[in-house]
Amino acid sequence: SANTVGYKIVCACGYSSGFTPDPNTYVYDISTSLWTVMAPMPIPVGDYASGVYRDSLIYYIGGFDGTQDQDIVQVYDVANDTWSSASVKPGTPVDALRGAINMDKIVVVGGYSQALQAPISEAYIGAIDALNPLNITWTALPDY
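Worth saying up front: this structure is predicted, and the values here are computed from it rather than measured.

Novice: Hey, could you run me through the overall build of the protein chain in this one?
Specialist: For the protein chain, the count of helices and strands is zero helices and 16 strands. Principal-axis analysis of the C-alpha atoms gives the protein chain an extent of 45 × 40 × 20 Å. The contacts of the protein chain with a sequence gap of at least 6 include a subset with a gap of at least 24, amounting to 41%. Per element, the accessible surface of the protein chain, about 7200 Å² overall, is 56% carbon and sulfur. Within the protein chain, the 14 negative side-chain charges are centred at a point lying 7 Å from the centre of the 5 positive side-chain charges.

Below, the structure is given as structure tokens:
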């Protein structure tokens, strides 16, 4: 996926050949028309949900690491080129989930469980703590 923060388009991880997650973070600066390779994603995953918080942080939720599905939340700080871990997503670890951020809320839904070999209908809303954006309070929603 690609996300925009300010005048930068951020493309993080995804898959290379052989369905292997590529850890690289690529940033395209619209003002200079240049691509730059930035800090790699700590736990490379593909098929994650992602969203931008306050035009500064990008949240990458869940995904497949090449071996198993994840429930992790990795946060990329575009201005400082750093990665951090946030409160994990509850429920079944999945890839192919969908989500979005609006104001201080994250919503993630669905996905596919490699372990269960089945689609998952779980849905969650996360409240991002404005004072500590790595702290997310998750609540279950009705199934998707």
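Novice: What is the right way to look at the sheet that holds strand β1 (residues 2–5) in this model?
Specialist: Read across the sheet, four strands follow the order β1-β2-β5-β6 without closing on themselves; strand pairing throughout is antiparallel. Looking at the sheet topology across the chains shown, the edges are occupied by β1 and β6 (34–38). Strand-to-strand, the axes of this sheet are offset by a mean angle of 25 degrees, without reference to chain direction.

Novice: Help me understand the side chain of Gln74 in this model?
Specialist: Structurally, Gln74 is set in strand β9 (residues 69–77). Those residues within four positions of Gln74 in sequence are excluded, and the remaining contacts are Met41, Pro42, Ile43, Val45, Ile58, Tyr59, Tyr60, Trp83 and Ser84.

Novice: Would you explain the side chain of Asp69 in this entry?
Specialist: Relative to the elements of secondary structure, Asp69 occurs in strand β9. No salt bridge is formed by the buried Asp69; the nearest opposite charge belongs to Lys89, separated by 9.5 Å. Within polar-contact distance, the side chain of Asp69 engages the backbone nitrogen of Asp95 at 3.5 Å. Those residues in contact with Asp69, other than ones at most four positions away along the chain, are Gly63, Phe64, Pro93, Val94, Asp95, Tyr112, Ser113, Gln114 and Ala115.

Definitions and cut-offs
- Each chain has its residues counted from 1, following the order in which its sequence is written.
- A pLDDT threshold of at least 70 governs which residues receive local features in this predicted model, and a stricter bar of 80 or more applies before side-chain atom pairs are shown or counted, although totals over entire chains, interfaces and linings include all residues.
- Computation of side-chain values covers all heavy atoms of the structure but excludes hydrogens and water.
- Here a helix means four or more residues in a row that DSSP labels H or I, a strand means two or more in a row labelled E, and each is numbered from the N terminus.
- Contacts are assigned to residue pairs with any non-hydrogen atoms lying within 4.5 Å of each other.
- Note on areas: these come from Shrake-Rupley sampling with a 1.4 Å probe, and a residue is covered only by the protein chains present in the view.
- Note on charges: Lys and Arg go in the positive column, Asp and Glu in the negative column, and His and the chain ends are not counted at all.
- Note that the charge is assigned to NZ on lysines, CZ on arginines, CG on aspartates and CD on glutamates.
- Any two strands with at least two DSSP bridges between them are considered paired.
- Only C-alpha atoms enter the line fits that serve as axes; for helices the fit covers just the stretch in contact. Angles between N-to-C directions range over 0 to 180 degrees.
- Three exposure classes are used, based on accessible area relative to the maximum for each residue type with a 1.4 Å probe and protein chains only: buried under 20%, partly exposed in between, and exposed over 50%.
- One side-chain nitrogen of Lys or Arg within 4 Å of one carboxyl oxygen of Asp or Glu is enough to make a salt bridge.
- Polar contact is defined as a pair of N or O atoms within 3.5 Å, subject to the rule that within protein one atom must be able to donate a hydrogen and the other to accept it, and that residues adjacent in sequence are counted only when both atoms are side-chain atoms.

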